[in-house]
Amino acid sequence: MLLPIVAWGNGACRADGTMFENFLKELASHGFLVIASGRPGGTGRTDADMLTEAIDWAIAENGRLGSRYRGRIDTAEIAVMGQSCGGLEAYEASADPRVTTTGIWNSGMLSDLDNHRLARLHAPIGYFVGGPSDIAYENAMDDWNRLPAGLPAFMGNLDVGHFGTYGQSNGGEFGRVGAAWLKWQLKGDPAARAMFVGQNCGLCSGPWQIMRKNLT
């Protein structure tokens, strides 16, 4: 089984690779190579270049003699994702033509001066937001309305606020839905697709409030 690549930017652009440990381990458990910016328990700040560097590293490891990942990585299926400040990093890194899906978690552009990054999006994008009490809610909804015409996009709001369910066992509901998004986008899993597509989709009833554009 080949492992698609998931590069993750932390909230607050904090260089702590274990900051979202429960959530990211849940994603990895579904067969993804998940690379978070920063060292375990690290300090300092990250930037969007670290997401691109994570992709570069994974592709190089797939071909390097002696690598534990040699021949085990799906280098054609790549997600960039991030929470809050890390979501802004994901926006920036998504201009990379190798990216095949973007995940924006509790995040949105802070300034209209950055809206040009939305025009560079070329791959399906999923927004996962904490509802009206999330400080990023208005920004995320504004971005949603500015997405390029024809871009496949999903918007899901769960009323949990800005800090989501990341710290819960297995990342809670965000972990469940995030894994499904990746399984659909990076693995073509039909059961995962059914959570997002169709009148009776798995998230069409229940606690999530959803919107969709160009999803098939």
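Please refer to the structure placed before this passage.
The sections below set out a description of the structure shown in this document. (Residues numbered from 1 in each chain as written. Predicted model: local features only at pLDDT ≥ 70, side-chain atom pairs only at ≥ 80, totals over all residues. Heavy atoms only, no water.)

### Focus on the sheet that holds strand β1 (residues 3-9)
Alright, step 1. What the 7 strands build is an open sheet, ordered β2-β1-β3-β4-β5-β6-β7; its pairing is mixed. Each end of this open sheet is capped by a strand with a single partner; those strands are β2 (33-36) and β7 (209-213). Here the average twist between neighbouring strands, direction ignored, is 15 degrees.
Alright, step 2. In the sheet, β1 pairs with strand β3 (residues 73-83) via 7 bridges, with the strands oriented parallel. When the bridges of β3 are listed, tryptophan 8 appears paired with methionine 81.
Alright, step 3. Strands β1, β3, β4 (101-105) and β5 (125-129) of the sheet are contacted by helix α3 (residues 85-93), whose axis makes an angle of about 140 degrees with β3.
Alright, step 4. Relative to the sheet, helix α5 (residues 137-144) contacts β5, β6 (153-157) and β7, its axis offset from that of β6 by approximately 160 degrees. (Pairing = 2+ DSSP bridges. Helix = DSSP H or I, 4+ residues; strand = E, 2+ residues; numbered from the N terminus. Axes fitted to C-alpha atoms, helices over the stretch in contact; angles between N-to-C directions. Contact = heavy atoms within 4.5 Å.)

### Comments concerning the packing of helix α2 (residues 48-63) against α3
Alright, step 1. At a closest axis distance of 8 Å, the pairing of α2 and α3 adopts a crossing angle of 60 degrees. The angle between α2 and α3 places the two elements in the oblique class. Here α2 and α3 pass one another in a crossing that is right-handed. Within the contact between the two elements, α2 uses Ala48, Leu51 and Thr52 and α3 uses Glu89, Ala90, Glu92 and Ala93.
Alright, step 2. A per-class count over the contact of α2 with α3 returns 4 nonpolar, 1 polar and 2 charged. (Parallel < 35°, antiparallel > 145°, perpendicular 65-115°, else oblique. Left-handed = near helix turned anticlockwise from the far one by under 90°. Nonpolar A, V, L, I, M, F, W, Y, C, P; charged D, E, K, R; others polar.)

### Brief notes about the packing of helix α1 (residues 21-28) against helix α6 (residues 172-187)
Alright, step 1. Interaxial distance between α1 and α6 falls to 9 Å at its minimum, and their mutual angle equals 35 degrees. Where α1 crosses over α6, the two elements pack in a sense that is right-handed. Each of Phe23, Glu26 and Leu27 in α1 lies in contact with α6, whose residues at this interface are Phe174, Gly175, Gly178, Ala179 and Leu182.
Alright, step 2. Across the contact of α1 with α6, the residue classes break down as 5 nonpolar, 2 polar and 1 charged.

### Brief notes about the nonpolar core
Alright, step 1. Membership of the largest hydrophobic core comes to 31 residues, with the highest contact counts inside it found for Trp8, Leu182 and Phe196.
Alright, step 2. Sorting the residues of this core by element identifies β1, α1, β3 and α6 as the ones contributing at least two each.
Alright, step 3. Per element, the largest residue contribution to this core is 8 residues, and it comes from α6.
Alright, step 4. The residues touching tryptophan 8, leaving out its near neighbours within four places in the chain, are Phe20, Phe23, Leu24, Ile35, Ala36, Ser37, Leu51, Met81, Gly82, Gln83, Trp105 and Tyr166.
Alright, step 5. With 16 residues, the next largest nonpolar core counts Met109, Ala140, Leu147 and Ala153 among its residues. (Core = buried A, V, L, I, M, F, W, Y, C linked by side-chain atoms within 4.5 Å. Buried < 20%, exposed > 50% of the residue type's maximum accessible area, 1.4 Å probe, protein only.)

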